[in-house]
Every structure is written in structure tokens, then in C-alpha cells.
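The primary structure of each chain is shown beneath.
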Amino acid sequence: MNNFLKITGYTIRDQMRHKSFYVLLGLSILFVLMIRGCYSGQYAVNGKQLNNITVAWHVSKIVFQVIASGMSLIVILLSMKIFSRDHEDGSLVLFLSRPLFRRQYILGRIAGTWFLCLAFMFILHATIFLTVWVKTGAAIPGYLTASLVCSINLLFIAVSVSFLSLYLPDFISAVFTVGILFVGYISDGGHQILNSEILKTAVSSAAASPPALWRILYPKVYMVQAYADSIIGQSSFNNMGPLHPILNVSFFIILITTLMLFVFNKKEI
Amino acid sequence: MIALNSVIKKFGTITAVDNITCRIEKGEYFALLGPNGAGKTTVVRMLLDFIKPTSGSILIDGIPVSNPEARKRVGYLAEHHMIPSHLSGHEYLRRHASLIGLAGKDALMEVDRLLEEVSMKGREKEKSAAYSKGMKQRIGLAATLLGKPKLLILDEPVTGLDPIGIRDVRKILESLRDNGVTVFLNSHLLSEVEKTCHTLAMMNNGKILVKDSIRSIIDADETLEDVFIKYIQKGK
């Protein structure tokens, strides 16, 4: 078997042996169990009974975003220690004293962490999807596709944290990545609100100015989530700039991975 | 088997390895001696491509060490051998076996044979967090011997071992002598070097002061310790 696949497999097994993984898994299951109750209630607005399917659809959309954002934090926690832990516990020597390329080690470690988080997120999203189906009898189209779309964000985050952890202490690299995501959420979230139909209807003079170049080029993590949301809602997607957010994030993934391979190849062990 | 050609390694302004050229032939049991900070570990790390030389080239079996192919039949034991605490000795060895292409029954048989050889049979399923320093070193030695390597790079292999462990390591190394295995030993234990190796090189301040067979370096009325001190003081 290819060394890359072997290391990917080891990474999945190693990550699943850490207590923190089970704490996060437990919290996620608890969250999903709590959400379950939202689909059983009777909701009324101004004395008018709301359709159960409509409520389930709106709740599921919100939960989708909560899970996707929560997974971003989980992937940060799992990625930030990949290299320092390997250095401390001898895994790095284990792998690199054997006939494999450093790139196989790096890519295997990242792919393993990403795959684990992707599967984790997909299972949580699928649980919500199935809960809605069982409780209301309606399947939300595009829900699982949207989950896979969001997984590209997890890869971006895993790559960014890992790359930064080659230079910075683990915690700082995690905080730095949260900062990158936060700026994107504020910037792109603001843009989405300014261009929303509600605001345009409410304030007829609210004409959003074209975004600055840095905002077009900035990693579009939030916009990928917004795009996933549009898949669930089967609504139009208000893109910022000429480049689709998936292409934007993919470009950053390739760029950072290339830089990381270059830096790690020269790194002294 | 190993060729170091005009190798220089600088860390900033400090020259850790200063233009060394050295050749170690197939089947040779070679020891690299020197005081702390002489540059021995830097040489070992360069042999494994953990660090790159500033200039010069290092070849194993004619292949540059930057090519992973050069490490295909190389076993490496670090001074303070570490095993990920969540792995058992058995899992650790299976992982090593897999990375060198051993799989299935062959891997299991080889792992069992080596566990027996390093006297760790019966403890192999325990998590390595429960192992003593010496036990980790024994598992490390077993990992080094996996896949019948042609070259062993041993960095202070008997560190942490009790006298029985030290004797076991010596026995294992002696048993490999007939198989044409080359041994590169980095050690402070001069008595062990004397018992195990044919040739040695003494290093100080990044330079090789002497490289020859042990017999020709030591005079009849001298010990290796006397020779070591003589060369190091002369080198200063």
C-alpha cells in the first residue's frame, strides 16, 4: 500500500485514541440529541399554527451552520498539535527514518485529520437529515451535498493551522487561524447582509459598494458556508467577486500546502 | 556502504561538522567516538537526512541520502528511543514493519521473532507508557532489526540498558556479523566499542582526527580510553 495511505490510516487511528476526540464527540452527540426536541414541538406565530416541515427546514438550516462552524473549531484543535506531538512522542523519527518522502508524511497526516473531521461532520449532518425525515417525513434536498461542500473549509483550516504550527507555538497558530476565519466571517457576512433582499427592500437606498480587492482575494471560508446554505435553500447565491468561493478556498489550500511541503522539506528534525 | 564526501554542516556561525570525508565499507563495524559536542550526532542526523549538509554529499550504497531509497535497508536506533505512548510495543513494531513493506503473516512472524530476540515477549501488548527506558530501548532495537537491514545506525544503543541488556545487544550485533551487515555505532562506552567494532573514527570540533582499525590505533600497552584522551587532547 502506498505510504501516503498508510500514514493517513495511522493518523485516523492516532487521532481517535486521544481523549480530546471523545470529549468533542460526546459534546456533539449531546448537541444533536438536544436539537432533536425542536422537531417535535407545535409552533404558533400570532396564534397561527406553523407547518412542521417549515419549522424543521429552518431549524435544520441553522443547525447545519452551527455544526459546520463547530467542526471548524474541532479541526483546529486536532490539527494544531500534529507536528509538535509527533516530534515529542517519536512518531516523526518513526516515519522519517523509514524509506518514505517527507511529502508523504505531511500529506498523510493532513489527509487523515481532514478525513476524520469530514466523516465526523457528515455523520452529524446526516443525523439531522435523518431526524427531520423521521419526524416530518420530508427529506431536505441538498443537505448532505452541502455538508460535503463545507468539508473543503475543514481542509483549508487543517492545512492553515498545520502550516502555522511549523513556525508558531500550537496555541498561537490556532488563535491566528481563528483570527483569519473571524475576519472573513465579519467581512463576507457583512457583504451578504448588505446584499440581502430584506435589506434592499427595507432601505431602498442601500446600494452596496463593490468590495475591495483584498476582500475578493481573502480566503472565502464564510462564503463557502453561504454557498452550502444556498444549496439547502435552493436559493440564489450572492457571490463576492469574480471567483467562486470553492475555487478561492481551493487555491489557498494548494498554495499553503505547497509552501508547507517546501518548508518541511528543509526543516531540521 | 557509506560515503561522506567533504561534508560541512553549519548552524549559523557554528561549524558542527567541518569538511569530513569518510568511507565505511560493507560489513564493517564502525564506531564514531568523540567528546560531547564533537559533531557525532550531527553526522548521524545527516546520514538519515534529518538535517541537510551545508555542503558536500552523503551516499548510502551509492544513493544520496536525500532519496528515501537510501533508507530502504537501514535500521536506526536513537539515543533516547521514544515510542508513542498510545501504542503498544507490538503495534509500534507492526507500524515499522508496514512502512518497510512487510505485511500479513510475514510481518507478524518477523515481529514475534524480534520480540523474542530482545527479550520483550510477553510484554509486547502493553502500552509503551508503561515501559521502562530500557524496555523502550529494546523495542527500538527490535524495530531497527526489522526487515533484515543491511546497515544499522545506532546512536548510543545501550543507553538505559542494564548489564544484561548491554550484553544482549552485543550478542545480537555479533550474530549479525556473518550476514554482511554494516554497523555505524555512535557511542561513549569505549569498552563496548572495543568489544564490538573493527574500525573507529575520533571526532572533535567537527573534524575527524583519526580513522583506522582499532588494532592499529591502540598500542600493546594502551587502552582505548588512553588513545581517546590522547587524540582529543592533541586535537585541542
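In this text the structure is predicted, and so the values were computed from the model without any measurement.

Undergrad: Explain the overall build of chain B here, please?
TA: The helix and strand inventory of chain B stands at 8 helices and 10 strands. For 236 residues, the compact-globule estimate of 2.2 N^0.38 gives 18 Å, and chain B sits close to it at 18 Å. Expressed as lengths along the three principal axes of its C-alpha atoms, the size of chain B is roughly 50 × 40 × 35 Å. Put simply, chain B has 236 residues, and 42% of those count as buried. For chain B, the proportion of contacts with a sequence separation of at least 24, taken over those separated by at least 6, is 67%.

Undergrad: Would you explain the sheet that holds strand β2 (residues 14–24) of chain B in this entry?
TA: What links the strands of a sheet is backbone hydrogen bonding, and the strands pair in either a parallel or an antiparallel sense. Residues and elements named next belong to chain B. An order of β2-β1-β4-β5 is seen for the 4 strands of this open sheet, with the pairing classed as antiparallel. What marks the edges here is a single partner per strand, and that holds for β2 and β5 (63–64). Alignment of strand β1 (residues 2–11) against β2, held across 7 bridges, turns out to be antiparallel. Opposite K10, over in β2, you have T15 as the bridge partner. Against the sheet, helix α1 (residues 40–47) contacts β1, β2 and β4 (55–60), and its axis sits at roughly 115 degrees relative to β1.

Undergrad: Would you take a moment to explain the interface of chain B and chain A for this structure?
TA: Many structure descriptions define interface size as the accessible area lost when the parts assemble. Facing 19 residues of chain B, the contacting portion of chain A comprises 19 residues. Per-element accounting of the side of chain B that touches chain A gives the leading share, 4 residues, to helix α2 (residues 89–99) of chain B. Residue composition of the side of chain B that touches chain A, by class: 11 nonpolar, 4 polar and 4 charged.

Undergrad: Would you explain the confidence of the model for chain B in this entry?
TA: Any region with low pLDDT has predicted coordinates that should not be read closely. Chain-level pLDDT for chain B is 88 on average; 99% of the residues reach the 70-or-more range. The ipTM for the predicted assembly is 0.87, set against a pTM of 0.87.

Undergrad: Is there a simple way to think about helix α4 (residues 133–145) of chain B in this case?
TA: Along an α-helix, residues three or four apart share an orientation, since each turn contains 3.6 residues. Residue and element names in this part refer to chain B. The end-to-end C-alpha distance of α4, which contains 13 residues, comes to 19 Å, matching closely the 18 Å that a straight helix rising 1.5 Å per residue would cover. Among the 13 residues in α4, 11 count as buried, and that is most of the element. All buried positions along α4 are accounted for by M135, K136, Q137, R138, I139, G140, L141, A142, A143, T144 and L145.

Undergrad: How should the domain arrangement of chain B be read in this particular structure?
TA: Residue and element names in this part refer to chain B. Assigned domains of chain B: these are domain 1 (1–73 + 150–162 + 176–236) and domain 2 (81–143). Summarising the inter-unit geometry, the C-alpha centres of domain 1 and domain 2 are found 27 Å apart. Taken together, the 5 residues of domain 1 in the interface contact 4 residues of domain 2. Looking at the side of domain 1 that touches domain 2 residue by residue, the classes come out as 2 nonpolar, 2 polar and 1 charged.

Undergrad: Could you clarify how one ought to interpret unusual backbone geometry in this entry?
TA: Note: most peptide bonds trans; most residues except glycine with negative phi. Residue and element names in this part refer to chain B. One non-glycine residue, S6, lies in positive phi territory at about 45 degrees. For E156, which is not a glycine, the phi torsion comes out positive at approximately 50 degrees. Along the chain, the position of E156 falls in the loop between β7 (151–155) and α5 (163–176). What makes E156 buried here is the crowd of 21 C-beta atoms within 10 Å.

Undergrad: I would appreciate a short explanation of the packing of helix α2 (residues 19–36) of chain A against helix α6 (residues 102–136) of chain A in the present structure.
TA: Two measures define how a pair of helices packs: the angle their axes make with one another and the distance between the axes. Residues and elements named next belong to chain A. The geometry of α2 relative to α6 is characterised by a closest axis approach of 11 Å and an angle of 15 degrees between their N-to-C directions. Between α2 and α6, the angle falls in the class roughly parallel. Considering only the axes of α2 and α6, their crossing is right-handed. Residues S28, V32, I35 and R36 of α2 form the contact with α6, whose participating residues are L124, T127, I128 and T131.

Undergrad: Looking at this structure, I do not really get the environment of B:V111. What am I missing?
TA: Residue and element names in this part refer to chain B. For V111, the position within the fold is in helix α3 (residues 104–117). Through-space distance from the C-alpha of V111 to that of A143 is 8.4 Å; in sequence the pair is 32 residues apart. The residues contacting V111, other than those within four sequence positions of it, are H90, L93, R94 and A97.

Undergrad: Help me understand the sheet that holds strand β3 (residues 29–33) of chain B in this model?
TA: Residues and elements named next belong to chain B. Judged by pairing direction, the sheet is mixed, and its 6 strands sit side by side in the order β6-β7-β8-β3-β9-β10 without closing on themselves. Each having just a single partner strand, β6 (74–77) and β10 (207–213) make up the two edges of the open sheet. Across the sheet, the mean angle from the axis of one strand to that of its neighbour is 15 degrees, orientation sign disregarded. In terms of strand pairing, β6 meets β7 through 4 bridges, oriented parallel.

Criteria and cut-off values
Residues numbered from 1 in each chain as written. Chains lettered and ligands numbered in written order. Predicted model: local features only at pLDDT ≥ 70, side-chain atom pairs only at ≥ 80, totals over all residues. Helix = DSSP H or I, 4+ residues; strand = E, 2+ residues; numbered from the N terminus. Rg over C-alpha atoms; globule rule 2.2 N^0.38 Å. Buried ≥ 20, exposed ≤ 12 C-beta atoms within 10 Å, placed from the backbone. Contact = placed C-beta atoms within 7 Å. Pairing = 2+ DSSP bridges. Axes fitted to C-alpha atoms, helices over the stretch in contact; angles between N-to-C directions. Nonpolar A, V, L, I, M, F, W, Y, C, P; charged D, E, K, R; others polar. pLDDT = per-residue confidence, 0-100. Expected span 1.5 Å × (residues − 1). Domains from an automatic or database assignment. Parallel < 35°, antiparallel > 145°, perpendicular 65-115°, else oblique. Left-handed = near helix turned anticlockwise from the far one by under 90°.

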